[in-house]
Amino acid sequence: MSSLIFPAVLSGLMMGAVYALVALGLTLIYGVLHIINFAHGSLLMLALYAVYFLWYHLGIDPYLAIPIVLPAFFALGYALQRGLIAPMSSGSEQNVLLITLAVSMIIDNLALYFWTSNTRTADIAYAYDTVEILGAYLPLGRVIAFCAAIAVAPLLWCFMAYTKTGSAIRAVAIEKRGAELVGIDVNHTYAICFGIGTACVALAACLLLPTFYITPQVGYTFVLVAFTTVVLGGMGSLPGALIAGLLLGVIESLCGLFLGESLGQIGIFLAFILILLFKPSGLLGRAR
Amino acid sequence: MKSQSIGQLALAAAAVAYLLSVYFASSPVWMGFTINALIIAVVAMSWNITGGFGGLSSFGHAALYGTGAYASAILQVKYGVNALVGFAAGILAGAAMGAFIGALAFRYGLRGSYFALVTLAFAEVLRICASSFEFTGGGSGLQLKLAPGLANLQFADRTVVYTALLIVVAVVMILTALIKYSRFGAYLIAVRENEDAARALGIDTYRIKVQAMAISGAFGGLAGVLYLQLWLFIDSTVVYGSAVSVEALIGPIIGGAGTVWGPLLGTLGLHLLGEGAKHLLPNAPGLNFVLYAVVLICALRFLPQGLVGLAGKFGAFTKKQEADDA
């Protein structure tokens, strides 16, 4: 058994990095807009289909699709916030929450209608080449995803800390009225945030496609884990999301190993309820 | 009920007229359709207690609905308990689940996005548990024995089922009205409007919110039991699935959250719209949800008080009364 634990932990870390990447976008949006984006999983699903169709029809490799899909989804997120969520919500946080839910219902059900519930997989030749790490064999696609996702977190953090746009985002997050008074375009900043959050999801899709399946429901499995990741890491905390994502990947993998595949996600939700019981502000969140 | 406008009375009268017309349409399809809509309306009324009056938007009301249905089903199938006892047990189980989730979530004053997530997570945990364990029937669900009769709460005649449902809906609406105009209702609305101010006035907001969740749970459990007794079959996706949670919140928001008639009006209106769309749109599962979502977004933007609020603008009896309603 113990010989199985180490590979399980490693493969959990690989998956956890992707959870972290999805959660980074979510926590960024939460940190600024103070709402959970319920459409996050649906956008991930949409991005997966986009990457899949680019590969299927045009033969574009998922990793080479990053420069196409990333800007496109940034623009989509920006337009969604600026064109739909902001004007339709009348400024109420609860309405924003409900509109993102409605957006996810629209995307999910249209995907089901146009692309049917068939499971698709991209048969990319190198995806299941294995890499040996400390005696454990891991799929190459997962290792690449892990490295890329781990690299994004510090990049995003530097962006927030050192760029002018990053400062504006932080200013709006802390004090919206004050930021407005010093001349920051709050609506633009909100939309930028939403765009970056959506771009994270697009990147996750490019990294996932080689080793994952696609159905119109695939976003749902990710988004629930991403919600848990965001809460566990501390709502709005970027480093927290990274650590929590990795942790949950390992928890899921170990629960799957000991309790059986179908109960793997139970561990994640139990962790979620335990956090709420004992530390609802999360690992790195500020006290509320 | 002293501050209704003519528009609202007309809207309520239209709903009652529709519900009564089902008796004379002698169309089993219409009756079946309305029966389904009424069960969802009861979940919507359950959501309305916390989401409408308390301002606590739950995204996981399936947790309450499913718990009611499963509690009754397990008792009846595994322990051979009478359906009437199962009925009561389902309501109690729903209330207990509501109080439990509420106690956990409100201990730290979770609200907004946090509360939405917690409720969603609970529904999901319960769904996975119900589909994994043996005593909940696992993936294949639970099936009640077909045994029509009052003692088993199963009726072969759809008209009897419909009448029973109408009575249940009326009782839940009367209870909602009693809650709304009670001291408890006033406290709950105070929590929605400004929780800090409510606490400063000496209201035990934690207790009020947990009690509201328990009442909501009782209504939600009731709806679950109604579904079980009608279809005699449940599985984890049907009763704990996210579709239930979504339908629970859309109806009241479109009809008018925090009103007595809103959940019924919103749910009936949506289902009628969905049914009408079936004849216009290509027949595919899920497209009605696209329509619901579009209506939801429009309602949030253009009907902040829902249909009831819109109707309130027509023929208000006096200016002051209109202000009361809003």
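Residues numbered from 1 in each chain as written. Chains lettered and ligands numbered in written order. Predicted model: local features only at pLDDT ≥ 70, side-chain atom pairs only at ≥ 80, totals over all residues.

Q: Break down the overall build of chain A for me, with residues and values.
A: Across its full length, chain A carries eleven helices and four strands. Whereas a compact globule of 288 residues would reach a radius of gyration of roughly 19 Å, chain A reaches 19 Å, a difference of no more than 12%. A total of 288 residues make up chain A; the buried ones form 52% of that total. When contacts within chain A are restricted to residue pairs at least 6 apart in sequence, those whose partners lie at least 24 apart make up 77%. (Helix = DSSP H or I, 4+ residues; strand = E, 2+ residues; numbered from the N terminus. Rg over C-alpha atoms; globule rule 2.2 N^0.38 Å. Buried ≥ 20, exposed ≤ 12 C-beta atoms within 10 Å, placed from the backbone. Contact = placed C-beta atoms within 7 Å.)

Q: Go over the nonpolar core with me, naming the residues and quoting the values.
A: In terms of nonpolar packing, the biggest core is built from 206 residues, with Val22, Ala47 and Ala205 of chain A together with Leu296 of chain B touching the most fellow members. With 18 residues, the top contributor of residues to this core is helix α1 (residues 2-33) of chain A. When sequence neighbours within four positions are dropped, the list of residues in contact with valine 22 of chain A reads Leu44, Cys200, Val201, Ala204, Phe222 and Ala226 of chain A. (Core = buried A, V, L, I, M, F, W, Y, C linked by C-beta atoms within 7 Å.)

Q: Requested: an account of the environment of leucine 28 of chain A, with residues and values cited.
A: Residue and element names in this part refer to chain A. Note on placement: leucine 28 falls in helix α1. Owing to 24 C-beta atoms within 10 Å, leucine 28 belongs among the buried residues under this scheme. Not counting residues up to four positions away in its chain, the partners in contact with leucine 28 are Cys193, Ile196 and Gly197.

Q: Give a description of the environment of alanine 164 of chain B that names residues and reports values.
A: Residues and elements named next belong to chain B. Take alanine 164: it is sitting in helix α6 (residues 158-180). Overall, the presence of 17 C-beta atoms within 10 Å leaves alanine 164 in the partly exposed class. Linking alanine 164 and leucine 153, residues eleven residues apart in sequence, is a C-alpha distance of 10.0 Å.

Q: An account of the interface of chain B and chain A is needed here, citing residue identities and associated values.
A: Contact residues are listed per partner, giving 27 residues for chain B and 31 residues for chain A. Elements represented by at least two residues in the side of chain B that touches chain A include exactly α5 (112-132), α11 (242-255) and α13 (287-302) of chain B. Tallying contributions element by element places α5 of chain B first for the side of chain B that touches chain A, with ten residues. Looking at side-chain class alone, the side of chain B that touches chain A contains 20 nonpolar, five polar and two charged residues. (Nonpolar A, V, L, I, M, F, W, Y, C, P; charged D, E, K, R; others polar.)

Q: Now, about unusual backbone geometry: what can you tell me, with residues and values included?
A: For threonine 116 of chain A, which is not glycine, the phi torsion reads 55° and is therefore positive. Mapped onto the secondary structure, threonine 116 of chain A falls in the loop between α4 (93-115) and β1 (120-121). A positive phi is found at leucine 153 of chain B, a non-glycine position, where the angle reads about 55°. Here leucine 153 of chain B shows up in the loop between β1 (142-143) and α6. Classification of leucine 153 of chain B by C-beta neighbours within 10 Å gives buried; the count is 23.

Q: Account for the confidence of the model for chain B, naming residues and giving values.
A: All names here are of chain B. Considering every residue of chain B, the mean pLDDT works out to 88; 96% of them sit at 70 or more. Per-element confidence in chain B is highest for helix α9 (residues 205-231), whose mean pLDDT is 95, and lowest for helix α15 (residues 319-325), whose mean pLDDT is 49. Across residues 321-326 the pLDDT falls below 50, and counting only partners more than four positions away or on other chains, this stretch makes twelve contacts in the model. With a pTM of 0.88, the predicted complex shows an ipTM of 0.86. (pLDDT = per-residue confidence, 0-100.)

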